[in-house]
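Residue-level structural notes
Residue-level listing of the chains:
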Amino acid sequence: MAKTTLYTGCATAIVTPMNADLSVNYDVFGALIEEQIAGGVSALVVSGTTGEASTLGDDEHVDGIRFAAQKAAGRIPVIAGAGSNDTAYMIKLSQNAEKAGADALLLMTPYYNKASQRGLVASFTAVADVVNIPIMLYNIPGRTCVNIEIDTFVELAKHPRITAVKEAGGCINYMSRIIDACGDALDVYIGDDALTVPAMSLGAKGVVSVAGNIIPEVMSEMCDLCLKNDFAAAGKLNIRYLKLFGDLLKLDVNPTPIKAAMNLMGKNAGGCRMPLYKMEDAGLEALRKSLVAAGVMK
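These notes cover the structure that comes with them. Along each chain, the written sequence defines residue order, and numbers are assigned to residues from 1. Where totals are concerned, whole chains, interfaces and linings use all residues; where local detail is concerned, this predicted model gives features only for residues with pLDDT of at least 70, and gives and counts side-chain atom pairs only at 80 or more. Working from all heavy atoms in the structure, the side-chain values ignore hydrogens and water.

1. Remarks on the overall build of the protein
Across its full length, the protein holds 13 helices and eight strands. Radius of gyration here uses only the C-alpha atoms, and the compact-globule reference equals 2.2 Å multiplied by the residue count raised to the power 0.38. Relative to a compact globule of 298 residues, whose C-alpha radius of gyration would be 19 Å, the protein shows 18 Å and is just as compact. For the protein, the spread of C-alpha atoms along the principal axes amounts to about 50 × 45 × 35 Å. Note on exposure labels: buried denotes an accessible area under 20% of the residue type's maximum, exposed denotes more than 50%, and partly exposed covers the range between, all computed with a 1.4 Å probe on protein chains only. Per-residue burial over the protein gives 52% buried out of 298 residues. A run of H or I in DSSP counts as a helix once it spans at least four residues, and a run of E counts as a strand once it spans at least two, with each numbered from the N terminus.

And the structure:
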């Protein structure tokens with residue numbers, strides 16, 4: 001069953017910029033959204049992992065989605081993070097995100113509970129049954145300790161509002177198996193910048209990008225080249241930024257490095273809320289060198 005594709009290309013998992021007191025900085029947030037749209041990205045993911053959803057209060061979470069939707073004003077889709085380890089709360093948050101203007105939802109696998117596959121089907125279906133916008137599942141077993149199995153994807157893809165998955169398990173083979181098993185019933189997006197080109201060469205529709213916060217034009221161009229089947233040119237870009245992609249995820253816990261990179265570049269993303277914490281000086285210096293080497297800053 002073919003479904004409407006949310007987007008093709010690069011969706012940036014945008015940070016939630018903070019003031020010095022760690023309240024949300026909406027002035028910077030608005031400027032970042034405009035920068036993303038000008039940079040050619042195809043969608044925005046708001047209040048996800050990179051957006052520090054886990055430390056946003058209920059009102060902040062929904063207010064950020066509403067702000068992004070109003071700022072984007074239909075120019076590109078806004079996909080709202082609305083996952084939880086409490087299905088009742090996930091339903092409420094998803095409904096509120098829809099009311100706030102989200103074009104789609106991003107629902108991660110419930111964390112900590114270690115739900116069974118039957119539980120995952122029941123939980124995601126419970127949300128899909130009560131909203132009217134598309135759902136992108138978010139499979140990230142490294143953070144949630146639960147993997148969505150292939151048969152579970154097949155079952156979930158039968159629901160008309162479950163249209164896509166952000167696959168962030170780091171395994172191209174597994175991503176390929178999802179595409180093979182689900183076909184047109186479920187669009188697949190890769191959740192790792194470094195795997196963008198190989199993923200799209202195998203049928204992924206695009207990437208949900210962390211690096212897009214600082215190089216939206218590059219990520220958009222890389223995806224556009226893939227969509228034009230120019231994988232040789234896209235691969236050169238992928239390799240050019242490979243170390244930077246790795247450093248943004250390995251020098252500290254996301255989104256600490258991407259916010260630090262943005263601050264080094266003068267984008268005023270601010271700090272992260274605890275328990276995330278500022279990078280050590282050695283990590284910051286390594287990040288600065290990586291940014292310079294990639295030509296992102298001088």
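Moving on from the coordinates now.
2. What to know about the sheet that holds strand β8 (residues 206-209)
Strand pairing is assigned whenever DSSP detects at least two bridges linking the two strands. Taken in spatial order, the eight strands of this closed barrel run β1-β2-β3-β4-β5-β6-β7-β8, and their pairing is parallel. On average, adjacent strands in this sheet sit at an angle of 25° to one another, irrespective of strand direction. The pairing of strand β7 (residues 187-190) with β8 spans two bridges and is classified as parallel. Looking across to β8, one finds that Tyr189 is bridged to Gly206. The sheet contacts of helix α3 (residues 87-99) involve β3 (78-81) and β4 (104-108), and relative to β4 the element is tilted by about 155°. The angle between two axes is taken between their N-to-C directions and runs from 0 to 180 degrees, where each axis is a line fitted to C-alpha atoms and a helix contributes only its stretch in contact. We call two residues in contact whenever any of their non-hydrogen atoms come within 4.5 Å of each other.

3. A word on helix α1 (residues 26-38)
Under the 1.5 Å per step criterion, the end-to-end length of α1 is 18 Å for 13 residues, consistent within 8% with the ideal 18 Å. All of the buried residues along α1 are Val28, Phe29, Gly30, Leu32, Ile33, Gln36 and Ile37. In this fold, the buried residues of α1 make contact with β1 (9-13), β2 (43-46), α2 (58-72), α9 (216-227) and α12 (256-264). Looking one or two residues beyond α1, the residue adopting positive phi is Gly40, at roughly 90°. For a helix, the expected span equals 1.5 Å multiplied by the number of residues minus one.

4. Description of the state of the cysteines
For this text, the term disulfide refers to a pair of cysteine sulfurs within 2.5 Å. All told, the structure shown has zero disulfides when counted by the stated rule. With no disulfide of its own, Cys10 lies 5.3 Å from the sulfur of Cys223, the closest cysteine sulfur. Overall, the relative accessible area of 1% leaves Cys10 in the buried class. Between Cys182, a free cysteine, and Cys171, which holds the nearest cysteine sulfur, the sulfur-to-sulfur gap is 15 Å. Judged by its relative accessible area of 10%, Cys182 is buried.

5. Focus on helix α7 (residues 172-182)
Buried within α7 we find Tyr174, Met175, Ile178 and Cys182. The buried residues of α7 occupy an angular sector of 105° when the element is viewed end-on, so they sit on one face. Residues Asn173 and Asp180 are exposed on α7 and point more than 90 degrees away from its buried face. Where α7 is buried, its residues contact β5 (135-139), α6 (150-156), β6 (162-167), β7 and α8 (196-201). This arc describes the spread of directions from the helix axis toward the C-beta atoms.

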